[in-house]
Amino acid sequence: MSEYDEYEKAMRPEDITRLFVERSNAGDAAGVAALYEEDAVMAYPPGGRTTGREAIRELWEKVLSHNPRFEQEEPLPTLISGDIALTSTPPRDGSGARAQVVRRQPDGSWLRLLDQPEFVSPSAGS
């Protein structure tokens, strides 16, 4: 059993976004990390990647130390195929989209496997 087991589980893929916003706004980096699989990959910081739940937790500890405020974003329809799902939200500022691949766990809950919180336009680097 791990410290992450104490957190509310996402029983639908769409629950992860709600739980992310609640936990981020509470400054709970461990709670945010609990939404990820043990070896998840997050495409953040922009142009880089963070691999593994503990590295994701450390990243969120730094981000949340600045007390950012997140708002719920209306999700796009979830695509589900068996135990894998694609969730996405268009940011309120209209700057592209956010996308996550999530996987159903043996207990029926869902965790993020791949997280692309920002898409960098290919033209941005040229």
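Given the structure is predicted, the values throughout are model-derived calculations rather than measurements. Throughout this description, residue numbers start from 1 for each chain and increase along the sequence as written. Where local features are concerned, this predicted model is filtered to residues with pLDDT of at least 70; where side-chain atom pairs are given and counted, the filter is 80 or more; whole-chain, interface and lining totals use all residues. Here the side-chain values reflect all heavy atoms present in the structure, with hydrogen atoms and water set aside.

J.: Looking at this model, I keep getting lost on unusual backbone geometry. Mind explaining?
T.: Most peptide bonds take the trans configuration, and most residues that are not glycine carry a negative phi. Between Y44 and the following residue, P45, the backbone shows a cis peptide bond with an omega angle of 5°. A positive phi angle, near 55°, is found at N67, a position not held by glycine. Along the polypeptide, N67 turns up in the loop between helix 3 (53–64) and strand 3 (79–81). The helix and strand labels rest on DSSP assignments: H or I over at least four residues marks a helix, E over at least two residues marks a strand, and numbering proceeds from the N terminus.

J.: Honestly, the packing of aromatic side chains in this entry has me stumped. Any pointers?
T.: Two aromatic rings, taken as a pair, are described by how far apart their centres are and by the angle between their planes. When the centres of two rings from Phe, Tyr and Trp lie within 6.5 Å, Trp using its six-membered ring, the rings pair. Their planes under 30 degrees apart give stacked, over 60 give edge-to-face, and anything left gives tilted. Following the criterion strictly, the structure yields three aromatic pairs and no others. Summarising the aromatic geometry, the rings of F20 and W60 are spaced 5.2 Å apart at their centres and angled 75° between planes, so their arrangement reads as edge-to-face. Residue F20 is found in helix 1 (residues 15–25), and its partner W60 is found in helix 3; the two are separated by 40 residues along the sequence. Ring centres of W60 and F70 lie 6.0 Å apart, and the angle between their planes is 65°; this geometry places the pair in the edge-to-face category. Placement of the pair is W60 in helix 3 and F70 in the loop between helix 3 and strand 3, with a sequence separation of ten residues. Burial status follows relative accessibility: with a 1.4 Å probe on protein chains alone, a residue under 20% of its type maximum counts as buried, one over 50% as exposed, and anything between as partly exposed. Among the residues examined, W60 registers a relative accessible area of 7% and is labelled buried. Classification of F70 as partly exposed rests on a relative accessible area of 25%. Put simply, the rings of F20, W60 and F70 pair up and form one aromatic cluster. Counted as over-ring charges are cases with an Arg CZ or a Lys NZ within 6 Å of the ring centre that also lie within 35 degrees of the ring normal. In this arrangement the basic side chain of R53 is found over the ring face of Y4, its NZ or CZ atom lying 4.6 Å from the centre.

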